[in-house]
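Observations on the model geometry
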There are 2 protein chains.
Amino acid sequence: MTSQNIYDNPLFFDGYKKLRDNPDNANVTEEKPALFSLAPNLGGMSVLDLGCGYGENCAEFMRLGAANVTGLDISEKMLAVARDKTRGINYICADMGDLSAFEGSYDIVFSSLAVHYIADFSLLCSQIAGLLKNGGYFIFSQEHPLTTAPINGISWTKDENGNRIHYNLSDYAKCGRREVSWLVDGVIKHHRTFSEITNTLITHGFCIERVIETVPDKETIKRIPYLVGDFHKPNFLVMRARNTTNARS
Amino acid sequence: MTSQNIYDNPLFFDGYKKLRDNPDNANVTEEKPALFSLAPNLGGMSVLDLGCGYGENCAEFMRLGAANVTGLDISEKMLAVARDKTRGINYICADMGDLSAFEGSYDIVFSSLAVHYIADFSLLCSQIAGLLKNGGYFIFSQEHPLTTAPINGISWTKDENGNRIHYNLSDYAKCGRREVSWLVDGVIKHHRTFSEITNTLITHGFCIERVIETVPDKETIKRIPYLVGDFHKPNFLVMRARNTTNARS
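This write-up is about the structure you can find in this document. Residue positions are given per chain, counted from 1 along the sequence in the order it is written. Lettering for chains starts from A, numbering for ligands starts from 1, and both go in the order in which the items are written. For a predicted model such as this one, the threshold for reporting local features is a pLDDT of at least 70, and the threshold for listing and counting side-chain atom pairs is 80 or more; totals across whole chains, interfaces and linings nevertheless cover every residue. The basis for every side-chain value is the complete set of non-hydrogen atoms in the structure, without hydrogens or water.

1. Here's the deal with the layout of surface pockets
All names here are of chain B. Only protein atoms enter the 1 Å grid used here. Points where a 1.4 Å probe fits but cannot escape make up a cavity, open sets with protein on both sides within 12 Å along at least five of seven lines make up a pocket, and a residue lines them when an atom lies within 4 Å of a point. Grid points are joined across faces, edges and corners, and a volume is the space filled by probe spheres set on the points. Counted as a void, the second largest pocket has a volume near 880 Å³. Lining of the second largest pocket is provided by 35 residues; of these, A26, E143, W182, N235 and F236 occupy positions nearest its centre. Counting from the N terminus, the helices are the DSSP runs of H or I reaching at least four residues and the strands are the DSSP runs of E reaching at least two. Elements that contribute at least two residues to the lining of the second largest pocket include exactly α1 (10-21), α2 (26-37), α6 (145-148) and β8 (176-182).

Shown next as structure tokens:
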């Protein structure tokens, strides 16, 4: 199945760009620090970034000493920004939903906030295992399963001042396709439970090494008190898994 | 810290007994099948059951061919029932919250719905690792982290017919002590997130092998349609982890 290419939708692209330009967005304050906290020393490493978007993480991998970095994304518009902003990175326009035509042997595969767009996580894990050297790392972030769960979109119950009292959790145990409104209507995501994600990785020979469910730090909450509500439901799930079965090295 | 011994409270004990005597309770329909589905072949195995309660699982381990079974529980009242109902099992009254005085070398440590009563999961994992042979299994169930999360007790939003629309999720990211009303007031549990549980196991040398978040099967929902609401929030978390660092064998 071909993945949706929502990032080439001009309205979505513009909305997304504005969101990411805000220095208080949760990608900057939570997701990126968590993802990089799980990275081993990148010195001399061969790195693949799946769903690289603007190439910001690719540039950071280079800065941290990676020997070579390949960025893959389905969106030509995102890659145009990436090519304009960053140098020395090999960018490829392709759908990470099927990497069968893609070859390579990497020390680390990163993926930032992209796997929840992929319908077949089992195929993805299998293909990533095939692209990793023995002992190689798959380090990824995604929307938290509690975020992707509700079939009718996420919602909160708030008090009269707008503070969040609780998250309205529904459909958590029903893995599958979700069509949500986020910047534009009709954005397709795929919900998977924590157990589904974990077991799929294990089935494809990965050993789970570390799991993070991100929440804002004290400094961010001091600046934006509303975010204390994120402690009811974390924003992102970030995992490091290690390839233990691939004989290539 | 000594664990609470709520099961020796006569009111709690009677309420719990009634609950477990109901063949439609979720322990029978979900938790026990999930726990046993993760068990390897028990033939000739040395088994320890932490928080064994009535000893029902201990008896089942014997029936499945275990060479020897030790059941440990903090409650003398529970163990009195266990000793009365089952034969050939070594029962010990002790607090699984601190196993430092306990010796042994087991192939499998089971624990059914007990670890959420334990304050220090890290100490527990460390002590279980020390009681397992190399390659031994720790297989446990607990209340699902989404159940243990709310500081003010669990609640649901329902429609006018009493059907559950969503689970009111709060405080998920705040690990720690919870005092809840369940059969009696003042029951002490300890909430831990998925990541906290997973990372603690990994830190103590366990490899995560399988995770189950239980929901009722179709047959049970046909009999009790209200239970379809459990798909909003699973009842139990069940895990199999394997000891990879202990040199004993």
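2. Observations concerning the sheet that holds strand β6 (residues 156-158) of chain A
Across the sheet, which stays open at both edges, the four strands sit in the order β6(A)-β7(A)-β7(B)-β6(B) with antiparallel pairing between neighbours. On the outer flanks of this sheet lie β6 of chain A together with β6 (156-158) of chain B, each paired with one strand and no other. Within this sheet the neighbouring strands show an average axis-to-axis angle of 30 degrees, counted without direction. Two strands form a pair only when DSSP identifies at least two bridges running between them. The convention used is that axes are lines fitted to C-alpha atoms, helices contributing only their stretch in contact, and that angles between N-to-C directions extend from 0 to 180 degrees.

3. A short note on the packing of aromatic side chains
In summary, the pairing rule links any two rings of Phe, Tyr or Trp, Trp by its six-membered ring, whose centres are within 6.5 Å, and it sorts them by plane angle into stacked for under 30 degrees, edge-to-face for over 60 and tilted for everything else. Throughout the structure, instances matching the rule amount to 20 aromatic pairs over all chains. An angle of 25 degrees between the planes, with centres 4.7 Å apart, marks the rings of F138(B) and F140(B) as stacked. Each of the two residues, F138(B) as well as F140(B), counts as buried. Charge-over-ring placement is defined geometrically: NZ (Lys) or CZ (Arg) within 6 Å of the ring centre, and within 35 degrees of the ring normal. Above the face of the Y226(A) ring, R164(A) is positioned so that its terminal group lies 4.2 Å from the ring centre. It is K233(A) that lies over the ring of Y167(A); its NZ or CZ is 5.3 Å from the centre. Summary of the burial criterion: residues with accessible area below 20% of their type's maximum are buried, those above 50% are exposed, and those between are partly exposed, where the area comes from a 1.4 Å probe applied to protein chains only.

4. Notes on the relation of the copies chain B and chain A
Here the second copy of the chain follows from the first by a rotation about an axis and a shift along it. Screw-axis analysis of chain B against chain A gives a translation of 0.0 Å along the axis, an RMSD of 0.0 Å, and a rotation angle of 180 degrees. Considering both components of the superposition, the chain copies are consistent with a two-fold axis. The position closest to the rotation axis in chain B is occupied by the C-alpha of N168(B), lying 2.7 Å away. By definition in these notes, contact holds between two residues if any of their heavy atoms fall within 4.5 Å. Of the interface residues in chain B, 100% have counterparts in chain A that sit at the interface too, so the contact is made through matching surfaces. Only residues with pLDDT of at least 70 in both copies count here: their C-alpha atoms drive the least-squares fit that superposes the copies.

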